[in-house]
Amino acid sequence: MSSAEINKNEVDIVIGALNADLTQFLTSWKSFFSGFHLIVVKDPELKEELNIPEGFDVDVYSKTDMEKVVGASNATMFSGYSCRYFGYLVSKKKYIVSIDDDCVPAKDPKGFLVDAVTQHVINLENPATPLFFNTLYDPYCEGADFVRGYPFSLRSGVPCAASCGLWLNLADLDAPTQALKTEQRNTAYVDAVMTVPAKAMLPISGINIAFNRELVGPALVPALRIAGEGKVRWETLEDVWCGMCLKHISDHLGYGVKTGLPYVWRNERGDAVESLRKKWEGMKLMEKSVPFFESLKLPETALKVEDCVIELAKAVREQLGSDDPAFTQAADAMVKWIQLWNSVNSSG
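Thresholds, definitions, all that
- Residues numbered from 1 in each chain as written.
- Predicted model: local features only at pLDDT ≥ 70, side-chain atom pairs only at ≥ 80, totals over all residues.
- Heavy atoms only, no water.
- Helix = DSSP H or I, 4+ residues; strand = E, 2+ residues; numbered from the N terminus.
- Contact = heavy atoms within 4.5 Å.
- 1 Å grid on protein atoms, 1.4 Å probe; cavity = no way out; pocket = protein on both sides within 12 Å on 5 of 7 lines; lining within 4 Å.
- Points joined across faces, edges and corners; volume = space filled by probe spheres on them.
- Phe/Tyr/Trp six-rings, centres within 6.5 Å; stacked < 30°, edge-to-face > 60°.
- Lys NZ or Arg CZ within 6 Å of the ring centre and 35° of its normal.

Asker: Sorry if this is basic, but what is going on with the side chain of Arg84 here?
Answerer: Along the chain, Arg84 turns up in helix H3 (residues 84–90). Other than its neighbours up to four places away in sequence, Arg84 contacts Val14, Gly16, Ser98, Gly206, Ile209, Arg233, Glu238 and Asp239.

Asker: Hey, could you run me through empty space enclosed by the protein in this one?
Answerer: Over the atoms rolls a probe the size of a water molecule, and in doing so it shows where empty space is left. Under the criterion given, the structure shown has four cavities of 30 Å³ or more. For the largest cavity, the calculated volume is near 50 Å³. In this structure, the largest cavity is lined by Arg84, Tyr85, Tyr88, Ile204, Gly206, Ile209, Leu220, Asp239, Cys242, Gly243 and Leu246. Elements with a contribution of two residues or more to the lining of the largest cavity: H3 and helix H7 (238–253). Sorting elements by how many residues they give to the lining of the largest cavity places H7 first, with four residues.

Asker: Hey, could you run me through the packing of aromatic side chains in this one?
Answerer: Aromatic ring pairs are reported here in terms of the distance separating the ring centres and the angle at which the planes meet. In this structure the tally under the stated criterion is 17 aromatic pairs. Their ring planes at 65 degrees and their centres at 5.5 Å tell us that Tyr61 and Phe86 sit as a pair that is edge-to-face. One end of the pair, Tyr61, is in strand E3 (residues 57–61); the other, Phe86, is in helix H3, with 25 residues separating them in the sequence. Measuring from ring centre to ring centre gives 6.4 Å for Tyr85 and Trp337, while their planes differ by 85 degrees; the resulting arrangement is edge-to-face. Here Tyr85 is found in helix H3, whereas its partner Trp337 is found in helix H11 (residues 325–347), with 252 residues between them in sequence. Here Arg155 stacks its cationic end above the ring of Phe152, 3.7 Å away from the centre of that ring.

Keep in mind that these numbers describe shape and distance, not what the molecule does.
Following this line, the structure appears as structure tokens:
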């Protein structure tokens, strides 16, 4: 599938604007964003006016717009990196592609710029294979296939819920790792896509991601906020927690999640050492989250994504709420998110 074969009316590109000047970012992506509808959501804590170059089909949402749609009290859910979730909420398209505003197109080993949007849509439109691992990676990719011994009964695969892209240059490492390895940069371009096996957890990054909104939209939930959350990725946990919820719900409903291509080139932002000086609670919360998701079993009666999120929130409150108030707040946010999702989407 080429970019010309994609139904661009089925795709929204959602950008969370944490920087006011989007000129360099959007100009670098212009050849790949052309023809697509863009939703740019301004971080409500950003005071400067956005600078967006001409030539894009774009809707811009500010704090005022958020308050009109969800109310002033709920608009606080969408600050910092979580502002992009407002774009997920108001979109009406089948697919969402979301890329952080500090990323530009990567180059493949042959020197060609990578069309991340097209690759994400290809990943989503082809089935996933979470029930039986294919050692030749994604069997639906050009030049690949099912290996000998792969059951024919499973070769039709399952719907793909999400496509988790990767990063060249500054990989999405946590602050302690990046602070310890200050000069480490990712230069390895692995030309592969694979389905994450069922029941396996993974830390999904919001830097470069796409998902089928019709299939799992409500599972992309802005919930877990840590104390002292900042404006660089290693000072947040919202996307990792969201990803663990998404993967567990996808497993429960019989969907798949892919990782690998496409790559983006991630530019430098923030100071990992400075981030470590803050009260950063992410590592502690993750150590408590993993055994929770390992033992979690959603009820068979949870047949819709919205039901799964509500059941997950109930389990978080009951099993993790006493450990840290961040988990209770996350459970409350998950319930509120479903209420907003139902309200906004039922109203059209």
